[in-house]
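Below are the chains, spelled out letter by letter.
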Amino acid sequence: MVAGELAASDLVAAIDAGMGSTTVDTVNGASLELTLDGGAVVVNGVATVGPADLFAHNGVVHVIDAVLLPPSE
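Predicted, not measured: the structure shown is a model, and the values here were computed from it. (Residues numbered from 1 in each chain as written. Predicted model: local features only at pLDDT ≥ 70, side-chain atom pairs only at ≥ 80, totals over all residues. Heavy atoms only, no water.)

This brings us to the sheet that holds strand S3 (residues 40-43). Picture the strands of a sheet paired through backbone hydrogen bonds; they go either parallel or antiparallel. Strand order in the open sheet formed by four strands is S1-S2-S3-S4, with antiparallel pairing between adjacent strands. The two strands at the open ends of the sheet, each matched to only one other strand, are strand S1 (21-25) and strand S4 (47-48). Here four bridges tie strand S2 (residues 31-37) to S3, and the two strands are oriented antiparallel to one another. Opposite Asp-37, over in S3, you have Ala-40 as the bridge partner. (Pairing = 2+ DSSP bridges. Helix = DSSP H or I, 4+ residues; strand = E, 2+ residues; numbered from the N terminus.)

In terms of strand pairing, S1 meets S2 through five bridges, oriented antiparallel. Residue pairing across strands places Asp-25 opposite Ser-31, the latter belonging to S2. In sequence, S1 turns back onto S2 through a hairpin of five residues, with Gly-29 there showing a positive phi of about 95°. A loop of two residues connects S2 with S3, the two strands running antiparallel in sequence, and Gly-38 in this loop sits at a positive phi of about 65°.

Attention shifts here to unusual backbone geometry. A negative phi holds for most residues other than glycine; trans holds for most peptide bonds. Of note, the phi angle at Met-19 is positive, near 60°, even though the residue is not glycine. Along the chain, Met-19 turns up in the loop between helix H1 (8-17) and S1. The exposed category is assigned to Met-19, whose relative accessible area is 79%. Here Asp-53, not a glycine, exhibits a phi torsion of approximately 60°, which is positive. The topology assignment puts Asp-53 in the loop between S4 and strand S5 (54-56). What makes Asp-53 partly exposed here is its relative accessible area of 28%. (Buried < 20%, exposed > 50% of the residue type's maximum accessible area, 1.4 Å probe, protein only.)

This is the structure:
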């Protein structure tokens, strides 16, 4: 979970501005690296964003095709 309301277009713009990647911080303090692969947003090199921009009353949901676990310490 990331704080704020980031639409898919915001994520793609941040990736473009970052020259191919950008990093966002999760609410638990971990970082996620976002890149593009064939026009699709990829999280940490393993999870591809499927349906995006599912707006809810408490934020925006972007469905991914993998499970991401917090880093172990």
